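# Observations on chain architecture
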Amino acid sequence: MGARRELKWALEGYWKGDISRAQLEAVGAELRQRHWADQADFDWVPVGDFSFYDHVLDMSVTLGCWPERARAMRGDDLDRSFCLARGQSAPGASAPIAAAEMTKWFNTNYHYIVPEFDAGTTFELNAARLEAQMAEARAQGIRAKPVIIGPITYLALGKACDGTDPLTLLPRLLPVYAELLQSLAAAGAQWVQVDEPLLVTELSAEWQHAYNVAYHALKSAPVKLLLTTYFGRLLDNAYLAANLPVAGLHIDAIEGRDDVAPLLGLMPPHKVLSLGVVDGRNVWKTDLQATLDWLEPLAQRLGSRLWLAPTCSLLHVPLDLTAERQLDPEVRAWLAFAVQKLDELRVLRQALRQGRTAVRPALEANAAAVQARRASGRLRHPQVQAALAALQAKGIAKRSPYAQRAARQAAALGLPLLPTTTIGSFPQTPEIRQVRRQFKAGLIDAATYRSGMQAEIARCVREQEALGLDVLVHGEPERSDMVEFFAERLEGFAVTEAGWVQSYGSRCVKPPILFGDVRRAQPMTVEWIAYAQSLTSKPVKGMLTGPVTLLNWSFVRDDQPRSVTCKQLALAIREEVLDLERAGVRVIQIDEPALREGLPLRRAQWPQALQWAVESFRVACSGVRDETQIHTHMCYSEFNDIIEAIAALDADVITLECARSRMELLEVFDRFAYPNAIGPGVYDIHSPNVPTVEQMVELLRQALRRLPLARLWVNPDCGLKTRHWPEVVAALRHMVAAAQQLRLEL
Ligand code: GLN
Ligand code: ZN
């Protein structure tokens, strides 16, 4: 996105019509140039991985895989892809069409645009973007290694709306890949990086076979292929990955360190082995000496067949640590962002080529930092350790059965059928951002800041009362981000100023850094929620981020199991839940949108991971009264395969993202006979379109085919912070009207 998120501002400016297409392109070119320059001394530099929106969508464009509704669109490829991704028109494109689905990229927090297939899908090469970037790189003297998504992973990432098995499309897809490799060769490529991270997941015999079919078909391509995997272990796919007819294999040698020994035995002797030895998913400095201890014998054995790289693309880490001026100096010394990770690679390269003495100062500095982190007194807090031990000894306090709680809550809250609510945030207006910025910069005092936020909360409560919503929220004006807000208030976390990573399109997040034991020193949200509640007789929902989401959306310590870190977070959130309850808050939402995405890529490891995730959530809401209604919220997830765990959370109400996938999602809740209340989103908040009353009534009718009336809630998909007030008011008015209409009918 650029050091100052240049790409974000350029994209949003272009979509608004404030800057021209040429200006947007210039920003893209400038970013590519800068990022290539950062790697100019490397033997091979990735090219074609730059994307204006999403690299999977780019691949769909390269393969000519447009959904039917997008075929008639005006505009060139870029404008059309913006249109498809955003469900609204770009300056050069035609009228809006339904936005494509987004989903998480493997177990990261990056969202890609899901390719759409059906039985009639055909492919047609469009190599213009890649060819242009190759030419650009060549002009800058860069040794370009184009990066593409491999055919099998591409098919697995897509979704067929008519039930077509994506593998049946492979014979149509492969000739286009063959052509693509030819045009990349013609554009000067010697190596092409073909990303196949699907290889770290469990593959059925059919998919394994497809790998053989595909790579044998591409064997005669006039370029060398570097088959690239990351994010996990090859395990039983090691034989397959080692023996596909390609020139080299890249693996994530941090997650997959134990794959290396077997691979050495399995790989034919001519193949390059590229080892990802610098973590592309986390921010800790690499222990360079330990890495060298491990690499040196491998380097001896493999010679020039050994390549070094980061584990994966550096998309998932912040760009540059030197941009941080306020970071706690002790913690800062433990960190490496993308630019620093490139330096680590350089040190490793030189040490392997010329011996460790050639880089002694760098190695010594690194060893000192690694050692300082290990020895730091900031990692453990006796109180947290004691609380964990007590939890271990006593177990989690059980809540009463749902039926009993539901009856008490119905009596306490007196809500109508089809209760209406929202997910938490309301528009983050320029005024809110300005007050927050001024406060951070020390330009206004705490009292002025507080009254500014209170004014926003009051507005938000007023608007919701006028709309006739049943369970209100305070609107989260004081939160720049649902994770960072808590990270700023909990001990054990550091936050960055500029550590942005892309979430989807122009949207970025700034994951906090969890480095030590997590402790809540004082209440974090009570004053805001209690203030909102003081303004209305309707229930105001207290709004918290759940332990699993805090964990998954942060860069977390690697010196203890994630399960332990998660329990610490849960204990801290629990204290807040109990304080909210004491302050008279009757409904509390604990958001867990990231419950699923942090799961291991291998399903065999899910039960264990889900167990501690569920336990953590239950710790967070243990000890509350039956009358207190616990909500949770999840978005952009497939729920099919974790429905049991979702039920085990035992939240009284779960609100879900649903509008883009047209209630399909509820089928599984129905099949599983999910016992508690559900609010399937009836309004897609990722688009500014205002749905009509009829559209929402229709969605609710569909939901009622799956769910009993008494347990159905009415709400948007997700928080409204990215929207504008006029569209929010219009959409919520329609939503409340839809609920009212159905209440009369039923
Ligand atoms: N309460 C949060 C909000 O409304 C939830 C956001 C999310 O699910 N990602 O903004
Ligand atoms: Zn959400």
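Residue positions are given per chain, counting from 1 as you read along its sequence in written order. In the order they appear in the text, chains get letters beginning with A and ligands get numbers beginning with 1. Per-residue local features of the predicted model are confined to residues with pLDDT of at least 70, and side-chain atom pairs are confined, for both listing and counting, to 80 or more; whole-chain, interface and lining totals are unaffected and use all residues. With hydrogens and water set aside, each side-chain value is computed from the structure's full complement of heavy atoms.

Where we set the bar: UniProt positions are given in the numbering used here, feature names are shortened, and annotations may be inferred rather than shown by experiment.
An unreviewed UniProt entry lists the chain under the name 5-methyltetrahydropteroyltriglutamate--homocysteine methyltransferase, with Tepidimonas alkaliphilus as the source organism. UniProt's Pathway (unreviewed entry) comment on the chain is quoted here verbatim: "Amino-acid biosynthesis; L-methionine biosynthesis via de novo pathway; L-methionine from L-homocysteine (MetE route): step 1/1." Within the UniProt record for the chain, the comment given under Function (unreviewed entry) is "Catalyzes the transfer of a methyl group from 5-methyltetrahydrofolate to homocysteine resulting in methionine formation."

### A word on the pattern of salt bridges
What counts here: The term salt bridge refers to a pairing of a side-chain nitrogen on Lys or Arg with a carboxyl oxygen on Asp or Glu at a separation within 4 Å. Numbered from the N terminus, helices here are DSSP runs of H or I no shorter than four residues, and strands are runs of E no shorter than two. Relative accessible area decides the class of each residue, using a 1.4 Å probe on protein chains only: under 20% of the type maximum gives buried, over 50% gives exposed, and in between gives partly exposed.
With the rule as written, the count across this model stands at 52 salt bridges. Note that Asp-652 and Arg-399 form a salt bridge whose closest N and O atoms lie 3.4 Å from each other. Of this pair, Asp-652 sits in the loop between helix H25 (643-649) and strand E20 (653-656) while Arg-399 is found in the loop between helix H16 (382-394) and helix H17 (402-413), placing the two residues 253 residues apart along the sequence. The two residues Asp-652 and Arg-399 agree in class, both being buried. For the salt bridge of Arg-479 with Glu-478, the shortest nitrogen-to-oxygen distance reads 3.1 Å. As far as burial versus exposure is concerned, Arg-479 and Glu-478 are alike and both buried. Each of the salt bridges in this network shares a partner with another, and the network as a whole consists of Arg-520, Glu-575, Glu-576, Asp-579 and Arg-582.

### Looking at the site of ligand 1
Formally: A molecule or strand has a residue near it when one of that residue's heavy atoms lies within 4 Å. As used in this structure description, the phrase polar contact means that two N or O atoms lie within 3.5 Å; if the pair is within protein, one of them must be able to donate a hydrogen and the other to accept it, and residues adjacent in sequence are counted only when both atoms belong to side chains. The Shrake-Rupley method, run with a 1.4 Å probe, gives the accessible areas here. Residue values count only the displayed protein chains as cover. Ten residue types, Ala, Val, Leu, Ile, Met, Phe, Trp, Tyr, Cys and Pro, are classed as nonpolar, four, Asp, Glu, Lys and Arg, as charged, and the remainder, Gly among them, as polar.
Taken together, Ile-423, Gly-424, Ser-425, Glu-476, Met-482, Met-543, Asp-591, Pro-593, His-633, Cys-635, Cys-718 and Gly-719 make up all the residues around ligand 1. Between a nitrogen atom of ligand 1 and a main-chain N or O atom of Ile-423, the distance comes to 3.1 Å. Between an oxygen atom of ligand 1 and a side-chain N or O atom of His-633, the distance comes to 3.0 Å. In isolation ligand 1 offers 300 Å² of accessible surface; the protein chains occlude 91% of this area. Here the shell around ligand 1 is composed, by residue class, of six nonpolar, four polar and two charged.

### What to know about the UniProt feature "domain: Cobalamin-independent methionine synthase MetE N-terminal" (unreviewed entry) in the chain
Mapped onto this numbering, the UniProt entry annotates "domain: Cobalamin-independent methionine synthase MetE N-terminal" (unreviewed entry) at residues 1-301. End C-alpha atoms of residues 1-301 are separated by 39 Å, and the span's content is 43% helix alongside 14% strand.

### Observations regarding the pairing of strand E18 (residues 587-591)
Quick reminder of the rule: Between any two strands, pairing holds if DSSP finds at least two bridges.
In terms of residue burial, E18 counts as a mostly covered element, since five of its five residues are buried. Here E18 shows two buried faces, one formed by Val-587, Gln-589 and Asp-591 and the other by Ile-588 and Ile-590. Bridge count between strand E16 (residues 541-545) and E18: five bridges; the pairing is parallel. Looking at the pairing, Gly-542 lines up with Ile-588 of E18. One ladder, built from five bridges, connects E18 with strand E19 (residues 629-634); its direction is parallel. Paired with Gln-589 across the two strands is His-631, which belongs to E19.

### Here we look at the sheet that holds E16
The line we're drawing: Lines fitted to C-alpha atoms define the axes, with helix axes restricted to the stretch in contact, and inter-axis angles between N-to-C directions lie between 0 and 180 degrees.
Taken together, the five strands give an open sheet; going across it, the order is E16-E18-E19-E20-E21, and neighbouring strands pair in parallel fashion. Single-partner strands in this sheet number two, and they are E16 and strand E21 (677-680). For this sheet the average axis-to-axis angle between neighbouring strands, irrespective of direction, equals 20°.

### Topic: the packing of helix H27 (residues 693-706) against helix H28 (residues 725-745)
Basically, it comes down to this: The labels follow the angle: roughly parallel below 35 degrees, roughly antiparallel above 145, roughly perpendicular from 65 to 115, and oblique for the rest. It is the rotation of the near helix from the far one that decides the hand of a crossing: anticlockwise by less than a right angle makes it left-handed, clockwise makes it right-handed. Throughout, a residue-residue contact means that at least one pair of heavy atoms, one from each residue, lies within 4.5 Å.
Two elements in contact, H27 and H28, have axes separated by 8 Å at closest approach and are oriented at 50°. Relative to H28, the element H27 is oriented oblique. Here the hand of the crossing between H27 and H28 comes out right-handed. Where H27 abuts H28, its residues Val-693, Met-696, Val-697, Leu-700 and Arg-701 lie against Ala-731, His-734, Met-735, Ala-737, Ala-738, Gln-741, Leu-742 and Glu-745. Of the residues belonging to the contact of H27 with H28, the class tally is nine nonpolar, two polar and two charged.

### A short note on the UniProt feature "binding site: Zn(2+)" (unreviewed entry) in the chain
The UniProt record annotates "binding site: Zn(2+)" (unreviewed entry) at His-633, Cys-635, Glu-657 and Cys-718. On the basis of their most widely separated C-alpha atoms, the annotated residues across 86 residues gather in one place, lying no more than 8.4 Å apart. Tracing the chain through its elements places His-633 in strand E19. By relative accessible area, His-633 is classed as buried at 2%. Apart from residues no more than four positions distant in its own chain, His-633 is found in contact with Ile-423, Gln-589, Ile-590, Asp-591, Glu-592, Pro-593, Thr-655, Leu-656, Asp-717 and Cys-718. Those residues in contact with Cys-718 that lie beyond four places of it in its chain are Ile-423, His-633, Cys-635 and Ile-685.

### Some points on the coordination of the zinc ion (ligand 2)
To keep it simple, the criterion reads: With water excluded from the atoms, a metal site may look incomplete; its donors are any N, O or S atoms within 2.8 Å, or within 3.2 Å for Na, K and Ca. Only two sets of limits are used to name each site, 85 to 135 degrees for every angle of a tetrahedral four-donor site, and over 155 degrees for opposite donors with all other angles from 65 to 115 for a square planar four-donor or octahedral six-donor site, with any other site named irregular.
Taken together, the protein donors to the zinc ion (ligand 2) comprise His-633 (NE2), Cys-635 (SG) and Cys-718 (SG), at separations of 2.0 to 2.4 Å. For the zinc ion (ligand 2), the four donor atoms in the first shell make angles of 90 to 124° at the metal, so the coordination geometry reads as tetrahedral. Positions of the donor residues of the zinc ion (ligand 2) along the chain correspond to the pattern H-x1-C-x82-C. Taken together, the residues span a long stretch of sequence, with His-633 in strand E19 and Cys-718 in the loop between H27 and H28 at a distance of 85 residues. Of the two residues, His-633 and Cys-718, both sit in the buried class.

### Some details on the confidence of the model for the chain
We count it as follows: Confidence scores labelled pLDDT are given residue by residue by the predictor and lie between 0 and 100.
Taken over all residues, the pLDDT of the chain has a mean of 96, while the share at 70 or more is 100%. Both scores are given for the predicted complex: the pTM is 0.94, the ipTM 0.98.

### Thoughts on the pairing of strand E10 (residues 272-278)
Two faces belong to every sheet, and in a regular strand the side chains alternate between them. Rules: Note on handedness: a clockwise path from strand one over the helix to strand two, with the strands aimed away from the viewer, defines a right-handed crossover.
Counting buried residues along E10, seven of its seven residues qualify, which places the element largely inside the surrounding structure. Alignment of strand E9 (residues 248-252) against E10, held across five bridges, turns out to be parallel. Paired with His-250 across the strands is Ser-274, a residue of E10. Between the parallel elements E9 and E10, the chain passes through helix H11 (residues 257-266) in a crossover that is right-handed. Pairing of E10 with strand E11 (residues 306-310), which is carried by five bridges, proceeds in the parallel orientation. Bridge pairing links Leu-273 to Leu-306 in E11.

### Digging into the packing of helix H1 (residues 6-16) against helix H2 (residues 21-37)
The packing of two helices is summarised by the inter-axis angle and the distance between the axes. The N-to-C vectors of H1 and H2 enclose an angle of 165°; their axes lie 9 Å apart at closest approach. One finds that H1 runs roughly antiparallel with respect to H2. The chirality of how H1 crosses H2 is left-handed. Across the interface between the two elements, Glu-6, Leu-7, Ala-10, Leu-11 and Tyr-14 from H1 touch Arg-21, Leu-24, Val-27, Leu-31 and Arg-34 from H2. Taken together, the residues that form the contact of H1 with H2 break down as seven nonpolar, no polar and three charged.

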